[in-house]
2 protein chains.
Amino acid sequence: MDNYVVGIDIGGTKLATVVADDSCKIVNKVRKPTLADKGPEYAIQLLFDMVYQTIEEASLKLETIRAIGVSCGGPLDTKTGVVYSPPNLPGWDAFPLKERLESEFKVPTMIENDANACALAEYRFGGGRGYNVVLYMTMSTGIGGGIVVNGQIFHGANDSAGEVGHQILLPDGPQCGCGKRGCLEALCSGPAIARRAKEAVQNESNSIILALADGKLDAVKSEHVLEAARQDDSLAQKLIDETAYYMGWGIANVVNMLNPDIVLLGTIAIAAGDLLLNPIRHTVSSFAMARPAEAVKIMPAQLGDSLGDLAAIALVV
Amino acid sequence: MDNYVVGIDIGGTKLATVVADDSCKIVNKVRKPTLADKGPEYAIQLLFDMVYQTIEEASLKLETIRAIGVSCGGPLDTKTGVVYSPPNLPGWDAFPLKERLESEFKVPTMIENDANACALAEYRFGGGRGYNVVLYMTMSTGIGGGIVVNGQIFHGANDSAGEVGHQILLPDGPQCGCGKRGCLEALCSGPAIARRAKEAVQNESNSIILALADGKLDAVKSEHVLEAARQDDSLAQKLIDETAYYMGWGIANVVNMLNPDIVLLGTIAIAAGDLLLNPIRHTVSSFAMARPAEAVKIMPAQLGDSLGDLAAIALVV
């Protein structure tokens, strides 16, 4: 009975710890705010407590835990387990995450970039099952990506592979959080869609987008654009089509390079469904070469809210 | 003594057959024009003759050949060995190349996309030795690419991975041979550089590019641009910088996605050397993310004229 695993999901706003049994069933879960401003030492102590709590509440002992999987914002080094200044975790500068966890729990620990871990979870438990070459793309605050080839995360030379969101499409385009201009992320992330919507609604009094945000320009979010598009708002439809054009262009470039069997899109694409996916598919088939375009399916990711928990677990089962 | 291999290189203008010994030393070679207009039946009969001639001239018997490797323009299916209408081989429509060769010679035969085979040869014998993630890019009539990961060609879902040259940078840019607009190939291949040079020299009487082409506008080639740039011709330098900008932009996007240890550039980049490679490196380091940009070396391919021969051999040794 030492076949339980612990999963740790470290995000900029929340920490989650789960314990799962041999069949990947999650038997207990604890969630707390990260309070990222307090830095890594606060977070690691909190995580220690959370792991103990997660195990105890499930009436398990530490001895029954055979591995710990950690999904964390990158960049990080999967071999040494050191985290290098993720944008959402201020102060985690060369932080020896794996070493700290292994020294506390004496349990083999694997740490992984969150987008890679999500890609692996979708391959193991979600929309990527049965496919040899899987690309998972987040589409929320940022656009991240992870590649799974024959069931293994593709890491590249130094654990940096899959950064599809920082493909540059418009070198003179809008500023990206990464410091460059015109990255896919700067055009199609949730905040990027909201930014374009805010600019557009000021010249388009017929649109219901602003009303859906209670008339507050600052409150306009990508969700309002999706909702308005579902109600046939023509400005919202234009914003969706524009988003799909850039997404499709970026995905087509990746399709030519990587020739994936399937591209799975998260969060916003799950919420939007075919409203966004169909024009993305259209752009991919006109921008990618015929053979890889024929091979690829473009689908919403399947794991939804459980993705973060399963991502950490997928690393060690 | 049955440890010889035959390599077959099928290009749009020439066919080459080689025989190599166990230590990959090429012991004989035969070369003929493809006469591509005569179609696949002419070419296959010619290849049969060439293989017999190559073996006989080396005083070998067919029984000493343990495998045949074939490097051929794609698209093609490496599993079935069928070639699907490569742009440079008219009439090769669903041509069962592997089956025809195996039925003639009764020797196990592997066929591979030429850019992939070149990537493998660079990994085995050239600039890619010792690296885990290698991207090889041709830079001549077209821009092709091949990816080698841990010593294996990365094929993707249907043998179409590595098409880095058809990454679209400028959707409203110049027409590409593939039917799309603004592909990297349409901006940076030899003919694309020549096209930009022809346009530019008409408004720039101080440039020596036209003189290097004996004053004939139609005769301007990428070689003349390189030669003029070496002589500090400012228009040529501008054309080189423009080429390096697009190449660097395209490579940066791939570096973010694939995180290669090394990118090896062929033909034009070999001829140009640091004149072209330095501004490419500069653009990659400003357009790619810091971690993958730090990891990657951008170098000329090393195998030069022997690349085509070694590409076919690399598949079976």
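In what follows, the structure referred to is the one given above.
These notes cover the structure that comes with them. (Residues numbered from 1 in each chain as written. Chains lettered and ligands numbered in written order. Predicted model: local features only at pLDDT ≥ 70, side-chain atom pairs only at ≥ 80, totals over all residues.)

With that out of the way, let us pick up the relation of the copies chain A and chain B. In the superposition of chain A on chain B (RMSD 0.1 Å, axial shift 0.0 Å), the rotation amounts to 180°. What the superposition gives is, in effect, a two-fold axis relating one chain to the other. Taking C-alpha positions as the reference, the residue of chain A nearest the rotation axis is L169 of chain A, at 3.3 Å. When the interface residues of chain A are mapped onto chain B, 100% of them again lie at the interface, so the same face is used by both copies. (Least-squares fit on C-alpha atoms with pLDDT ≥ 70 in both. Contact = placed C-beta atoms within 7 Å.)

All names here are of chain B. Their axes nearest at 7 Å, the elements helix 8 (residues 234–258) and helix 10 (residues 274–287) cross at an angle of 45°. Here helix 8 is positioned oblique relative to helix 10, judged by the angle of their axes. Crossing of helix 8 over helix 10 shows right-handed handedness. The residues of helix 10 that touch helix 8, namely those facing I240, D241, T243, A244, Y245, M247, G248, W249, I251, A252 and V255, are L275, L276, P279, I280, H282, T283, V284 and F287. Of the residues that constitute the contact of helix 8 with helix 10, the class distribution is 14 nonpolar, four polar and one charged. (Axes fitted to C-alpha atoms, helices over the stretch in contact; angles between N-to-C directions. Helix = DSSP H or I, 4+ residues; strand = E, 2+ residues; numbered from the N terminus. Parallel < 35°, antiparallel > 145°, perpendicular 65-115°, else oblique. Left-handed = near helix turned anticlockwise from the far one by under 90°. Nonpolar A, V, L, I, M, F, W, Y, C, P; charged D, E, K, R; others polar.)

All names here are of chain A. The strand order across the open sheet formed by five strands is 3-2-1-4-8, and the pairing between neighbours is mixed. Each end of this open sheet is capped by a strand with a single partner; those strands are strand 3 (26–33) and strand 8 (109–113). Averaged over neighbouring strand pairs, the angle between their axes works out to 15° when direction is ignored. Pairing of strand 1 (residues 4–10) with strand 4 (residues 65–72) involves seven bridges; the strand directions are parallel. (Pairing = 2+ DSSP bridges.)

Remember, this is a structural readout, not a statement about activity or role.
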